[in-house]
Amino acid sequence: MLLVIIGGGWAGASCTNDDNDTANEYENWQARNDAYFATLEDSLMRQPAQWRKFKNFSYNESTVGANTDYIYVKVISEGEAGNDCPLYTDTVRVSYQGRLINGTTFDKTIYGSAYDPATSATVKLAVGGTNGVVDGFATALQHMTRSAYWRIYIPYNLGYGSKENNAIPAYSTLIFDLALLDFYKPGKKTPTWSARQLR
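Definitions and limits used
Residue numbering note: each chain is counted from 1, following its sequence as written. The predicted origin of the model limits local features to residues at a pLDDT of at least 70 and limits the giving and counting of side-chain atom pairs to 80 or more, whereas totals for whole chains, interfaces and linings rest on all residues. Based on all heavy atoms of the structure, the side-chain values leave hydrogens and waters out of the count. Stacked, edge-to-face and tilted labels apply to pairs of Phe, Tyr and Trp rings (six-membered ring for Trp) whose centres lie within 6.5 Å, assigned for plane angles under 30 degrees, over 60, and everything in between, in that order. We count a stretch as a helix when DSSP gives it H or I for four or more residues in a row; a strand needs E for two or more, and each element gets its number in order from the N terminus. Think of it in three bands: residues with accessible area under 20% of the maximum for their type are buried, residues over 50% are exposed, and the middle band is partly exposed, with areas taken using a 1.4 Å probe on protein chains only. Note on contacts: a residue pair is in contact if any heavy atoms of the two residues lie within 4.5 Å. Buried Ala, Val, Leu, Ile, Met, Phe, Trp, Tyr and Cys residues that are joined via side-chain atoms within 4.5 Å together make up what is termed a nonpolar core.

Thoughts on the packing of aromatic side chains
So, point 1. Taken as a whole and assessed by the stated rule, the structure comprises 12 aromatic pairs.
So, point 2. Here Tyr115 and Tyr149 contribute two aromatic rings whose centre-to-centre distance is 5.0 Å and whose plane-to-plane angle is 40°, an arrangement assigned as tilted. Of the two residues, Tyr115 sits in the loop between strand E6 (105–108) and strand E7 (123–126) while Tyr149 sits in strand E8 (residues 149–154), which places them 34 residues apart along the sequence. Take Tyr115 and Tyr149: they sit in the same class, and that class is buried.

Examining the environment of Gln50
So, point 1. The topology assignment puts Gln50 in the loop between helix H3 (40–46) and strand E3 (51–55).
So, point 2. On a C-alpha basis, the gap between Gln50 and Glu78 in space is 9.8 Å, while along the polypeptide they are 28 residues apart.
So, point 3. Discounting chain neighbours no more than four positions away, the residues touching Gln50 are Val73, Lys74 and Val75.

Here we look at the nonpolar core
So, point 1. Val94, Phe137, Leu141, Ile152 and Ile154 are the most contacted members of the largest nonpolar core, which has 31 residues in total.
So, point 2. Only strand E4 (70–77), strand E5 (91–99), E7, helix H4 (135–141), E8 and strand E9 (174–184) provide two or more residues apiece to this core.
So, point 3. With 5 residues, E9 is the single largest residue contributor to this core.
So, point 4. Dropping the residues within four chain positions of it, Leu141 is found in contact with Cys85, Pro86, Val92, Val94, Val127, Val133, Leu178 and Leu180.
So, point 5. Phe37, Leu40, Tyr153 and Ile175 belong to the second-largest nonpolar core, a separate cluster that totals 7 residues.

What follows is the structure, encoded as structure tokens:
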């Protein structure tokens, strides 16, 4: 098992000597990701109460864009009602699992088959700026409230685009199970975190 660090977390990738298997696994990858992402609008139309769509935070909201100007969100659990959402300048504490459309996990702090605060690790991330997350991830965070748990679908142009990023091939749709636990304003000291806070 080869361990690689991606975005501050550890992800496993199995070693193989057969480069052909890897090449075949990602054959027509851009077209496959384009086709996959296009189906998400159907999910939104079929289940509008559970699905949401948000335009990239840096794009003009008043113009209609392509579906790849948006992230799609399946709400697994709503956050605290009436709470604020993180801003671009904030720092967040989250648990997450990131994977590709073929099911390959590339980074995670969520362990097991479902999110459980007792067994999931957390990480602090900057929402924006030079040390911030990809645009699609930042867009989702700016719409979440504390304790929200979402599955977010990020088109490759709001992720890593046409460039490979460690174990993530170019043109990859990014799928994250994402739990927002807390967030902090700039300059505020972030407290030590414990899973006991969620019980």
